[in-house]
Amino acid sequence: MSSPERVKRDVFDVCIVGSGAGGGMAAHELTKAGARVILLEAGGKWDNATDSHMLKWPYETARRGGSSPERPFGEHDACIGGWNLPGEPFTTAAGSKFQWWRARMLGGRTNHWGRISLRFGPDDFKHKSVDGLGDDWPISYKDLAPYYDDVDRLVGIFGSKEGMRNHPDGIFLPPPTPRCWEHLVKKAADKQKVTCIPSRLSILTRPLNNRAPCHYCGQCNRGCTMNANFSSTNVLVLPALLTGKLTLRTNAMVREVTLNDRGLADGVVYIDSMTGKEKRVDAKVVVLAASACETARILLNSTSAKFPQGLANSSGLVGKYLTDTTGTDVGGFVPALMDMPRHNCDGVGGAHLYMPWWLDNKKLDFPRGYHIEIWGGLDMPSAGFMGGIQNLPGGGGYGASLKADYRKYYGTNVGFSGRGEMIPNEKSFCELDPEAKDKYGIPVLRFHWEWSDHEYLQVKHMQETFRALLQEMGAEVHSPMPTRERGYGIATGGSIIHELGCVRMGDNSNTSVLNQHCQAWDCKNLFVADGGPFVSQADKNPTWTILALSMRTSRFIAQQRKGGQL
């Protein structure tokens, strides 16, 4: 085999793989510290400021906003990627069900996420000490709190000071007021004694760092041309480019990390997806931020005489203890919202309220909690709008009467989605498939997956809670309560797109892959800055913790470089 083509035949201070939350933050911090950085992204260039369809009407396109192969969340969605990518398969072991979502664009998943930005709390880092399950992190909330603060100041987040110990407050911008339908949700939650507070979203409600505030068009998922919401591309990567210290390479599918004769990382090999050519980048430090499972895949494919099981895998734990957020949904028809007078219901691109975990698990039959996300209102009609209208009282038909029914029932659907904590288990992991390869010739991942009774009982509680809230609202729920045989309606593993673990941090090289600085035990100039280092999930979405952890890791790298240790 011929030697891979070298990029500029140059040696960079740092090579970062992945441009999402973790990779973007690493690029931002390391260039600011003076490092010469190269950033590799598997997908193509995409700029939310110029490429989004933020204000395009659904009827202006053939699909009316419906999904497309490269945009499963809708034709106008900023997402480029999906669970099934042409030429990039993954496999599942017999008896397992798992879906693996991958972004293929600059900025990664930060372009299309819900921007729910929640700090992990003190218990989330030390839950084994609370209930004896899983493992404690090698760091505490106090260790990460200063970085959470700096992420708040840099990126921007709205919310409210609530003083809840395990749902820490941040440095908040003012939250938007609840919409009409959200007042009904709040009223029902109060009656059911379910905590309901303003959402915590990384969307600006005041100017911050030369970025304009949200003008409430409600289309955050399409990519904000104003940069009022957070995506890595313009909030992190662009400032890094402006330092003159960052080299950006898109369409770069990384295969492996390479080592020098001292056993240190000296660069990466990638495939240029536009030409099919194999190329190489030389670097003094490598930071993997390709997403938890992709980073594990790169490490497992980085075999050598010193690391025959894969780089940084002397513990045998690369790919192990994979988790995803638990989830289920219930929606209903709320008669009180019929014939709603037309009004500006847009707000931000997400709910203005949410429900953090409010109960004591010691009094329940499952050990970890969940939060509740709400949905409803007068959203932009698009393909599939109000599907199933024939199930509403008198709904259906055709012609003028059907149009009248759509107007009558527009905005009457309200629903709840649970997002809860899965406890890591030994039966949920990923490994290299012994036979299958992708179109680049790179071995693909094979997933093993199993929920435990902890998760099933938690989701059962979600279903019961959502139905009680809808009943309090006077809603009609047309879906029956899922049975135990159906897992109480639990979402398939991977479908919530919160995969974490696989490259865990810890305080012992025999039981973890990384130390407390997300530095590989086996290779001191190799770091991980995505969801891979997470020791556990939480009842919160992970992005804010990925950002804070990446910032902490990047500043440690800068300090080590300055001191000559790297």
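This structure is a prediction, so every number in the text was calculated from the model and none was measured.

A.B. asks: Describe in detail the overall build of the chain, supporting the description with residues and values.
C.D. replies: Along the chain, the regular secondary structure elements total eleven helices and 17 strands. On C-alpha atoms alone, the chain measures out to a radius of gyration of 23 Å, which is about the 24 Å that the 2.2 N^0.38 rule sets for 566 residues. Projected onto its principal axes, the C-alpha coordinates of the chain cover approximately 75 × 50 × 45 Å. Taken over 566 residues, the chain has a buried fraction of 60%. Long-range pairs, those at least 24 residues apart, make up 72% of the contacts in the chain with a sequence separation of at least 6. Just so you have it, the chain exposes about 22,400 Å², and 50% of that area is on carbon and sulfur atoms. Where the 65 positive side-chain charges of the chain centre and where its 59 negative ones centre are 4 Å apart.

A.B. asks: Could you give an account of the sheet that holds strand 4 (residues 91-92), naming the residues involved and the relevant values?
C.D. replies: Strand order in the open sheet made by the three strands is 4-16-15, with mixed pairing throughout. Two strands in the sheet have a free side with no partner beyond their single neighbour: strand 4 and strand 15 (429-437). Across five bridges, strand 15 lies against strand 16 (residues 443-448) in antiparallel orientation. Following the sheet pairing, F429 is matched in strand 16 by H448.

A.B. asks: So what about the side chain of D77? Which residues, and what values?
C.D. replies: Mapping D77 onto the fold places it in the loop between helix 2 (48-51) and strand 3 (81-82). Here D77 is buried and forms no salt bridge, its nearest opposite-charge partner R71 lying at an N-O distance of 6.2 Å. In this structure the side chain of D77 is engaged in a polar contact, spanning 3.2 Å, whose partner is the side chain of N221. Discounting residues that sit within four places of it in the chain, D77 has contacts with R71, H112, N221 and R222.

A.B. asks: Lay out the pairing of strand 9 (residues 265-272) with the relevant residues and their values.
C.D. replies: Counted residue by residue, strand 9 has eight buried out of eight residues, so it is predominantly covered. Examined bridge by bridge, strand 8 (residues 252-259) and strand 9 share seven bridges and lie antiparallel to one another. By the bridge assignment, L259 is partnered in strand 9 with A265. Once strand 8 ends, the chain turns through five residues before running back antiparallel as strand 9, passing G263 with a positive phi of about 80°. Both strand 9 and strand 10 (residues 278-288) contribute to a ladder of five bridges, which runs antiparallel. Counterpart to G267 in the pairing with strand 10 is D282. The turn joining strand 9 and strand 10, which pair antiparallel and follow one another in sequence, is formed by five residues; a positive phi near 80° is taken by G276.

A.B. asks: Mind laying out helix 11 (residues 543-562), listing which residues take part and the relevant values?
C.D. replies: Taking 1.5 Å as the rise per residue, helix 11 with 20 residues should run 28 Å; its terminal C-alpha atoms sit 28 Å apart, in good agreement. Of all 20 residues in helix 11, 15 are buried; the element is thus mostly enclosed. The positive-phi residue at the C-terminal boundary of helix 11 is G564, with phi of around 85°.

A.B. asks: Can you tell me about the pattern of salt bridges, naming the residues and giving the values?
C.D. replies: Summed over the entire model, instances satisfying the criterion amount to 34 salt bridges. With a closest N to O distance of 2.7 Å, E499 and R109 form a salt bridge. In this pair, E499 sits in the loop between helix 10 (453-472) and strand 17 (526-528) while R109 sits in the loop between strand 5 (102-103) and helix 3 (122-125), placing the two residues 390 residues apart along the sequence. Between R297 and D438 there is a salt bridge whose closest N-O contact spans 2.6 Å. With R297 in helix 8 (residues 292-301) and D438 in the loop between strand 15 and strand 16, this residue pair connects regions lying 141 residues apart in the sequence. Each member of the pair, R297 together with D438, is buried. Linked by salt bridges that have partners in common, E29, K32, D150, R153 and R555 make up one network.

A.B. asks: Now, about the packing of aromatic side chains: what can you tell me, with residues and values included?
C.D. replies: Across all of its chains, the model carries 25 aromatic pairs by this definition. Above the ring of Y456, the side-chain terminus of R484 is found at 4.5 Å from the ring centroid. Sitting over the face of the ring of Y321, R504 holds its NZ or CZ atom 4.4 Å from the ring centroid.

A.B. asks: Talk me through the side chain of T545; I want residue IDs and the actual numbers.
C.D. replies: Mapped onto the fold, T545 is located in helix 11. Dropping the residues within four chain positions of it, T545 is found in contact with L118, F120, L144, Y148 and F534.

A.B. asks: Before we move on, can you summarise the state of the cysteines with the specific residues and values?
C.D. replies: In this structure the tally under the stated criterion is zero disulfides. With no disulfide of its own, C214 has C220 as its nearest cysteine by sulfur position, at a separation of 5.4 Å. Its sulfur unpaired, C224 is 6.4 Å from the next cysteine sulfur, which belongs to C220.

Each value, and the rule that gives it
- Residues numbered from 1 in each chain as written.
- Predicted model: local features only at pLDDT ≥ 70, side-chain atom pairs only at ≥ 80, totals over all residues.
- Heavy atoms only, no water.
- Helix = DSSP H or I, 4+ residues; strand = E, 2+ residues; numbered from the N terminus.
- Rg over C-alpha atoms; globule rule 2.2 N^0.38 Å.
- Buried < 20%, exposed > 50% of the residue type's maximum accessible area, 1.4 Å probe, protein only.
- Contact = heavy atoms within 4.5 Å.
- Areas by Shrake-Rupley, 256 points an atom, 1.4 Å probe, with all protein chains shown as cover.
- Lys, Arg positive; Asp, Glu negative; His and termini not counted.
- Charge placed at Lys NZ, Arg CZ, Asp CG, Glu CD.
- Pairing = 2+ DSSP bridges.
- Salt bridge = Lys/Arg side-chain N within 4 Å of Asp/Glu carboxyl O.
- Polar contact = N/O pair within 3.5 Å; in protein donor to acceptor, adjacent residues only side chain to side chain.
- Expected span 1.5 Å × (residues − 1).
- Phe/Tyr/Trp six-rings, centres within 6.5 Å; stacked < 30°, edge-to-face > 60°.
- Lys NZ or Arg CZ within 6 Å of the ring centre and 35° of its normal.
- Disulfide = S-S within 2.5 Å.

Everything listed is a geometric property; what it means functionally is a separate question.
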